[in-house]
Amino acid sequence: MVVFLVVFFFTIFFGVMMLGNHMSHLIERITSENADQMLYDLNQELDDQLKS
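Residues numbered from 1 in each chain as written. Predicted model: local features only at pLDDT ≥ 70, side-chain atom pairs only at ≥ 80, totals over all residues. Heavy atoms only, no water.

**Some thoughts on the overall build of the chain**
In terms of helices and strands, the chain carries one helix and zero strands. Relative to its length of 52 residues, the chain is extended, with a C-alpha radius of gyration of 23 Å against a globular reference of 10 Å. (Helix = DSSP H or I, 4+ residues; strand = E, 2+ residues; numbered from the N terminus. Rg over C-alpha atoms; globule rule 2.2 N^0.38 Å.)

Here it is as structure tokens:
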């Protein structure tokens, strides 16, 4: 019974850690795409200001 509880606990713990890791990578990918777009927009604005 104790072995089952220990295995069950670590299985749940491992699953939560894997889910957290996956969510972290998704958030990182989304924010990096937004950051790339924001930097591109800022670069365009600065180029327009320098030309005028």
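Okay, back to it.
**Side note on the environment of Val-6**
If you trace the backbone, Val-6 turns up in helix α1 (residues 2-51). Residue classification places Val-6 among the partly exposed residues on the basis of a relative accessible area of 40%. Expressed as a C-alpha distance, the spacing of Val-6 and Ala-35, which sit 29 residues apart in the sequence, is 43 Å. (Buried < 20%, exposed > 50% of the residue type's maximum accessible area, 1.4 Å probe, protein only.)

**Quick notes on the packing of aromatic side chains**
Scanning the model with the defined rule gives three aromatic pairs in all. Ring geometry for Phe-4 and Phe-8: centres 6.1 Å apart, planes at 20 degrees, overall stacked. On the criterion of helical spacing, the pair formed by Phe-4 and Phe-8 is a turn pair, its members being four residues apart in helix α1. The exposure class of Phe-8 is partly exposed, given its relative accessible area of 47%. When the ring of Phe-9 is compared with that of Phe-13, the centres are 6.3 Å apart and the planes differ by 20 degrees; the resulting orientation is stacked. Of this pair, Phe-9 and Phe-13 are both found in helix α1, four residues apart, which corresponds to roughly one turn of the helix. By relative accessible area, which is 45% here, Phe-13 ends up partly exposed. (Phe/Tyr/Trp six-rings, centres within 6.5 Å; stacked < 30°, edge-to-face > 60°.)

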